[in-house]
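Close look at the chain arrangement
Here is what each chain is made of, one letter per residue.
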Protein chains: 4
Amino acid sequence: MIIVLRPDAKKKDIDHIIDKVKKLGLTPMVSKGVERTIIGVIGEEDVLRVQPLEAYPGVEKVMPILKPYKLVSREFKPEDSIVNVDGVKIGGKRIVIMAGPCSVENFESLLNIGKSVKSSGALVLRGGAFKPRSSPYSFQGLGEEGLKYLKDVKKKTGLKIVTEVMDTRDVGMVEKYADILQIGARNMHNFNLLKEVGLSKKPVLLKRGISATIKEFLMSAEYILSNGNFNCILCERGIRTFEDATRFTLDLNAVPVIKKMSHLPVVVDPSHGTGKWDLIPAMSKAAVAAGADGLLIEVHPSPEDAYSDGEQSLLPEKFDCLMKELKLVAEAVGREI
Amino acid sequence: MIIVLRPDAKKKDIDHIIDKVKKLGLTPMVSKGVERTIIGVIGEEDVLRVQPLEAYPGVEKVMPILKPYKLVSREFKPEDSIVNVDGVKIGGKRIVIMAGPCSVENFESLLNIGKSVKSSGALVLRGGAFKPRSSPYSFQGLGEEGLKYLKDVKKKTGLKIVTEVMDTRDVGMVEKYADILQIGARNMHNFNLLKEVGLSKKPVLLKRGISATIKEFLMSAEYILSNGNFNCILCERGIRTFEDATRFTLDLNAVPVIKKMSHLPVVVDPSHGTGKWDLIPAMSKAAVAAGADGLLIEVHPSPEDAYSDGEQSLLPEKFDCLMKELKLVAEAVGREI
Amino acid sequence: MIIVLRPDAKKKDIDHIIDKVKKLGLTPMVSKGVERTIIGVIGEEDVLRVQPLEAYPGVEKVMPILKPYKLVSREFKPEDSIVNVDGVKIGGKRIVIMAGPCSVENFESLLNIGKSVKSSGALVLRGGAFKPRSSPYSFQGLGEEGLKYLKDVKKKTGLKIVTEVMDTRDVGMVEKYADILQIGARNMHNFNLLKEVGLSKKPVLLKRGISATIKEFLMSAEYILSNGNFNCILCERGIRTFEDATRFTLDLNAVPVIKKMSHLPVVVDPSHGTGKWDLIPAMSKAAVAAGADGLLIEVHPSPEDAYSDGEQSLLPEKFDCLMKELKLVAEAVGREI
Amino acid sequence: MIIVLRPDAKKKDIDHIIDKVKKLGLTPMVSKGVERTIIGVIGEEDVLRVQPLEAYPGVEKVMPILKPYKLVSREFKPEDSIVNVDGVKIGGKRIVIMAGPCSVENFESLLNIGKSVKSSGALVLRGGAFKPRSSPYSFQGLGEEGLKYLKDVKKKTGLKIVTEVMDTRDVGMVEKYADILQIGARNMHNFNLLKEVGLSKKPVLLKRGISATIKEFLMSAEYILSNGNFNCILCERGIRTFEDATRFTLDLNAVPVIKKMSHLPVVVDPSHGTGKWDLIPAMSKAAVAAGADGLLIEVHPSPEDAYSDGEQSLLPEKFDCLMKELKLVAEAVGREI
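As the structure is a prediction and not an experimental result, all values here were calculated from the model.

**Describing the overall build of chain A**
Looking only at helices and strands, one finds 11 helices and 14 strands in chain A. Taken along its principal axes, the extent of the C-alpha atoms in chain A is 75 × 45 × 35 Å. Classification of the 337 residues of chain A by burial places 59% in the buried group. Summarising the internal contacts of chain A: among those between residues at least 6 apart in sequence, 64% fall at separations of at least 24.

**Side note on the interface of chain C and chain B**
Listed per partner, the contact involves 35 residues of chain C and 35 residues of chain B. Within the residue set of the side of chain C that touches chain B, elements represented by two or more residues are helix 7 (214-226), helix 8 (254-261), helix 10 (280-290) and helix 11 (316-332) of chain C. Here the side of chain C that touches chain B takes 7 residues from helix 10 of chain C, the largest share from any one element.

**Description of the environment of Leu 194 of chain D**
Residue and element names in this part refer to chain D. In this structure, Leu 194 sits in helix 6 (residues 191-198). Residue Leu 194 is classed as buried on the basis of its C-beta count, with 26 C-beta atoms lying within 10 Å. Along the backbone, Leu 194 and Val 204 are 10 residues apart, and their C-alpha atoms lie at a distance of 9.5 Å. The contact partners of Leu 194, leaving out residues within four places of it in the chain, are Ile 183, Ser 220, Tyr 223 and Ile 224.

**A closer look at the interface of chain B and chain D**
Chain B puts 17 residues into the contact, and the matching count from chain D is 17 residues. Counting residues per element, the ones that place at least two in the side of chain B that touches chain D are strand 1 (2-5), strand 2 (27-32) and strand 3 (37-42) of chain B. With 3 residues, strand 3 of chain B is the single largest residue contributor to the side of chain B that touches chain D. Here the residues of the side of chain B that touches chain D are counted per class, giving 10 nonpolar, 4 polar and 3 charged.

**Focus: helix 6 of chain D**
All names here are of chain D. Judged by how many residues are buried, helix 6 sits mostly within the fold: 7 of 8 residues are covered. Within helix 6, the full set of buried residues consists of Phe 191, Asn 192, Leu 193, Leu 194, Glu 196, Val 197 and Gly 198. In the core, the buried residues of helix 6 are packed alongside helix 5 (171-177), strand 10 (180-183), strand 11 (204-207) and helix 7 (214-226).

**Overview of the relation of the copies chain B and chain D**
With an RMSD of 0.0 Å, the operation that places chain B on chain D is a rotation of 180° combined with a shift of 0.0 Å along the axis. Both copies are brought into coincidence by an operation consistent with a two-fold rotation axis. Taking C-alpha positions as reference, the residue of chain B nearest the rotation axis is Phe 242 of chain B, located at 2.3 Å. When the interface residues of chain B are mapped onto chain D, 100% of them again lie at the interface, so the same face is used by both copies.

**Observations regarding the pairing of strand 14 (residues 294-298) of chain B**
All names here are of chain B. The element strand 14 is extensively covered by neighbouring structure, given that 5 of its 5 residues are classed as buried. Both faces of strand 14 are covered, namely the face carrying Gly 294, Leu 296 and Glu 298 and the face carrying Leu 295 and Ile 297. Across 5 bridges, strand 7 (residues 96-100) lies against strand 14 in parallel orientation. When the sheet's bridge partners are listed, Met 98 is paired in strand 14 with Leu 296. Across 2 bridges, strand 13 (residues 266-268) lies against strand 14 in parallel orientation. Counterpart to Val 267 in the pairing with strand 14 is Gly 294.

**Quick notes on the sheet that holds strand 3 of chain B**
Residues and elements named next belong to chain B. If you walk across this open sheet you meet the 4 strands as 2-3-1-4, and the pairing is antiparallel. For this open sheet the edge positions go to strand 2 and strand 4 (59-63), each flanked by a neighbour on one side alone. Along the sheet, successive strands turn relative to each other by an average axial angle of 20°, direction set aside. With 4 bridges joining them, strand 1 and strand 4 adopt antiparallel strand pairing. Following the sheet pairing, Ile 3 is matched in strand 4 by Val 62.

**Details of the sheet that holds strand 1 (residues 2-5) of chain C**
All names here are of chain C. Within the open sheet, the 4 strands sit side by side as 2-3-1-4. Their pairing is antiparallel. Every interior strand has two partners, whereas the edge strands, strand 2 (27-32) and strand 4 (59-63), have only one. The sheet shows a mean angle of 20° between the axes of neighbouring strands, direction not considered. Bridge count for strand 2 against strand 3 (residues 37-42) is 6 bridges, and the pairing is antiparallel. Looking at strand 3, one finds that Met 29 is bridged to Gly 40.

**What about the pairing of strand 9 (residues 160-164) of chain C?**
All names here are of chain C. Summarising burial for strand 9: 5 of the 5 residues are buried, a large majority. Every second residue of strand 9 is oriented toward a common face, with Lys 160, Val 162 and Glu 164 on one face and Ile 161 and Thr 163 on the other, all of them buried. As defined by bridge partners, strand 8 (residues 124-126) adjoins strand 9 across 3 bridges and the pair is classed as parallel. Within strand 9, the residue paired with Val 124 across the bridge is Lys 160. For the segment spanning strand 8, helix 4 (residues 144-157) and strand 9, crossover handedness is right-handed. Pairing analysis gives 3 bridges linking strand 9 to strand 10 (residues 180-183), with the strands arranged parallel. Pairing of Glu 164 across the sheet is with Gln 182, part of strand 10. Since strand 9 and strand 10 lie parallel, the crossover through helix 5 (residues 171-177) that links them has a hand, and here it is right-handed.

**Let's talk about the relation of the copies chain C and chain B**
The operation relating the two chain copies consists of a rotation about an axis and a shift along that axis. In the superposition of chain C on chain B (RMSD 0.0 Å, axial shift 0.0 Å), the rotation amounts to 180°. A share of 97% of the interface residues of chain C reappears at the interface of chain B, consistent with the copies meeting face to face through the same patch.

**Some details on the packing of helix 10 (residues 280-290) of chain A against helix 10 (residues 280-290) of chain D**
Where helix 10 of chain A meets helix 10 of chain D, the axes come as close as 7 Å, and the angle between the chain directions of the two elements is 155°. Between helix 10 of chain A and helix 10 of chain D, the angle falls in the class roughly antiparallel. Crossing hand, helix 10 of chain A versus helix 10 of chain D: right-handed. Every residue of helix 10 of chain D that contacts helix 10 of chain A at Ala 282, Met 283, Lys 285, Ala 286, Val 288, Ala 289 and Ala 290 of chain A is listed here: Ala 282, Met 283, Lys 285, Ala 286, Val 288, Ala 289 and Ala 290 of chain D. Residue composition of the contact of helix 10 of chain A with helix 10 of chain D, grouped by class: 12 nonpolar, no polar and 2 charged.

**Description of helix 4 (residues 144-157) of chain A**
Residues and elements named next belong to chain A. Along its 14 residues, helix 4 runs 20 Å from first to last C-alpha, staying within 8% of the 20 Å computed at 1.5 Å per residue. Of the surrounding elements, those touching the buried residues of helix 4 are helix 3 (107-120), strand 8 (124-126), strand 9 (160-164) and helix 5 (171-177). The first or second residue beyond helix 4 is Gly 158, which carries a positive phi of 85°.

**Notes on the confidence of the model for chain A**
Of all residues in chain A, 98% attain a pLDDT of 70 or more, and the chain-wide mean is 93. Interface confidence in the predicted complex, given as ipTM, is 0.92; pTM for the same model is 0.93.

**Description of unusual backbone geometry**
All names here are of chain A. For Asp 86, which is not glycine, the phi torsion reads 50° and is therefore positive. Position of Asp 86 relative to the elements: it lies in the loop between strand 5 (83-85) and strand 6 (88-90). By C-beta crowding, Asp 86 is classed as partly exposed, having 13 other C-beta atoms within 10 Å.

What counts, and at which threshold
- Residues numbered from 1 in each chain as written.
- Chains lettered and ligands numbered in written order.
- Predicted model: local features only at pLDDT ≥ 70, side-chain atom pairs only at ≥ 80, totals over all residues.
- Helix = DSSP H or I, 4+ residues; strand = E, 2+ residues; numbered from the N terminus.
- Buried ≥ 20, exposed ≤ 12 C-beta atoms within 10 Å, placed from the backbone.
- Contact = placed C-beta atoms within 7 Å.
- Nonpolar A, V, L, I, M, F, W, Y, C, P; charged D, E, K, R; others polar.
- Least-squares fit on C-alpha atoms with pLDDT ≥ 70 in both.
- Pairing = 2+ DSSP bridges.
- Axes fitted to C-alpha atoms, helices over the stretch in contact; angles between N-to-C directions.
- Right-handed = clockwise from strand over helix to strand, strands pointing away.
- Parallel < 35°, antiparallel > 145°, perpendicular 65-115°, else oblique.
- Left-handed = near helix turned anticlockwise from the far one by under 90°.
- Expected span 1.5 Å × (residues − 1).
- pLDDT = per-residue confidence, 0-100.

Have a look at this one:
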């Protein structure tokens, strides 16, 4: 931690800070420059981080040096983590494709989509039973009934299931049906929900909040790991910027950045990230080339009849075509699908 | 709703859309231009809004004309709403100041701050018993014990209490102690929590998410009103931008914009909005001049010992001084404090 | 300057950096922590700033401590600067209002607006003869003819003139007619143009770029001062964010932030900042309450006939009414208009 | 153009607008809904676009339907444009790599880098003789001397030259040495400079402004084409967002979006886009997979001695290695390098 003092800081202000640092069991190193004094602090930075140092008299700014997260960091665990989803490994050489409708609508349609994406090479079925919708007047999902359909399709196809949980009260129920508990972008800062899934035995897929920095994203993952659940998959799904040609700005830079900072697997959701079905193929290939460990893609046989997000769903035949292209790109970067 | 077709849209695509619109009980108005065809739809726009029109063949884009919210809109209720908080009216001529520590730390200190801000003119005491913290290793709040302290300080000072609720499971408990249920910025899109407080009898103070547009902010308020609770206060607290000289960018433009679009009262939180105590006085005066109905200000007698957010807390004497200045600005714009 | 090394930095990497720092005549202070080594550098930070330290082997990040600007900083000149515009002082107790049309359209109309805003209390006339337009097909301004009209209206009304210069080749010409040379937001990073106006004797009004941090804004002003022109006025005019209810997000936080960091006067342009005439009154009052030294307001007697930006122009009678309200707010914060 | 009226618009307001539209030679189509009236306008939208319709009484908002650009649009020219740079074709099957130092520093070093990148497969040499620098105290480039070095290296290596021009006064000079005139991100809205290069016979590489929407980017290209120069290459180089783990957010979504909207070739600059050399390989591969027609990569044999941007330069051996990987990805998506 570096504490930069104001040019007009008084001696008693400086002494007061040095005193405080020592009382916390840390070692202050004072450098008096021509323009201002700087205090470097050696020792366990976490002890200091919780102190509101910028509120001390004479302090201009405080610059943390160490990262605020631990368990998720590459330093903590240098080798890549592989998350085992009921036999499907995420984070290894094989890039895992998760596909399916935005919302679970009915059993028949879900089964058809499941069979179709499986035959194209997907290993995980995605589909929402609880839907976070901006409008209280929009379709809110089938709830537990939808979860049952998902589990039934798993039985019939062998696909693993990823589905969202939105409420601390529902974690126990969703756990019974899902293979991966998804935390949506809007709940990335719902800390109580993070704690609950951190206590679960099931793998968690954590989506990045639309205005979350990568550091904040990793801090939210730290909530999950620090509660005991190390089976955490990170998902880039687009951030909010000024650009309006896409619904969000899918931030593929996040893939190599997270790989550098963390050992956790990273997947990409180009459907929500771009909001336009015709951009999904290009951005899926780019995500794989950038090093993603998996993709989440919305597929619907009749987008115009989808209960939600039809405009960002691929037709099954387009998805099948894309899978063939993705295989070539995966091989070009030393991976497989 | 305006449906703009691609220049290469085929006749059967256009007929298909017209057909769909008619089946929904709406009236399509087709305009064939030189470059492309446009279909205007007359009637209840909500019926159409839930259709994924951009997924239809031949469609280039869809432009909604009506607003997606109703109950919160000025059109629905032209006159200003006044929220009655156990006798204190928010949204009328008097600008209501809510002040107090970021976190409730202990009874003694809370009572002292309460007495102090009351004597300076505050009518509501703010203080968090449940704290959303980015790090799992930071102080998470005193929980129900903190709520009890708040209620006790209310008894001794007459100040009304605003405090945050973060979990659907806690709404019933927080309701017993608080006069206003606060929904934090990180939970503005926690729809299940919005529904729960929408079912409550207590007024709600809804903070704008750091990356929420004003339209999305109003949609979240619509969740509360549509569940039956019309006592909703909106709070601008800073949005995330590229600027890093302030912690967030307090968006005062939101005040006159919301006043134009909605009948709900609007308050401003310059403490979280700027993240720096020395910017609070200027931005508080600006908020009042812009038309805010109230302010939420963090006050702490010893910011360097605060459990959270010390760097954005005013000393009681600085707060007292600010209150005097605010009175003058309030009068200059025809209000009072 | 603080140089933070990677946890895996080797001894020879560290020695290499220490060596380099010493060769530059600076003093390295090495702190070896448990997790990583940190090198603080004492001395003239500018010498080091131009070195690409992050490219050195073993370096994780580099954190500058001092500010990259000098002449514009409060440390360089603690008291407020007052810019004298042909007798009108900007930066003193009096808040200076600059008003007029977006574009100069013809002499008659300009004179009428000039007379009108003067009678309402404006001291400076604004109006563009060179117009930066997003579309090559839009009206691009009257050029030198427009400048002549401005000078003629100055003669008849006594108003000082502020007008934009967009091209290094035009600085000499615009200087002959204008009292203040305006650098538009789109040219805040046009460094050659900054150098040219830095060599001028005329005061400069520098607008903040729509995506410029306040630090970058001050660096652009440093270009002007370092070329010899200390008569520089800074203008906040809205930044680009995700919010689309306003054309830009007028960032009033910039006013107190700049006042803290710099001695230069700060004015606010609520017309461009919001893009909506009906938001101008609220945001003008807020700007004055926040501490602005002046305002730039677009006024047009027939906004629907304006050649540009009619939607953000006030009618003269609305402007007159606003001036009366602004006087009250100015007095409430110890200023005058 | 769709004109949406306020719910309280009066009949005379509506009549006034209809009148205006007719006078402009256009056809208004009026739809009276339950809540509000909407006027669709058929005909040449450009005539109307320059009218400040939102300033008309009774108007709530105006929604343009057609795109504001023409010559750059896919509709204007459905097939891909190929820009011929002195024999090197940009926009065809071959992906063109442009590499070299950020700044031209001296002849010897430039020649060595040139030989090196050529042997790795680059076809164009990049290097700045005029450097836009945020600080007036940073190295500003060698000017014409640097241009001479570039031309000399071209003679010795056969590499084509791309270099930046920053000032309208320098276009004639830079044209004599360069094969491609580069307009930097900071000048994307320097309209006079755009006009000058639009009058040139040399191809132009236009970089996207850091806060420019894709639509605005295309409008700036329209300035170049409408002045007669159709040899325009668009370059995505990162936009400004809240994320600070990268220097900018390289927006690869722009590649497929621009391909959909325009016929012009698109190249990507991962060096400036990310600001970190260790992210360049991943993002270069992703750019190629997304469909880019070329890449601009900074290469320097001793990044720590570079005069600028050393932290985002690749070592020649790393660049060589990347070229081999890029070839595989290019083939996987049906292209070649």
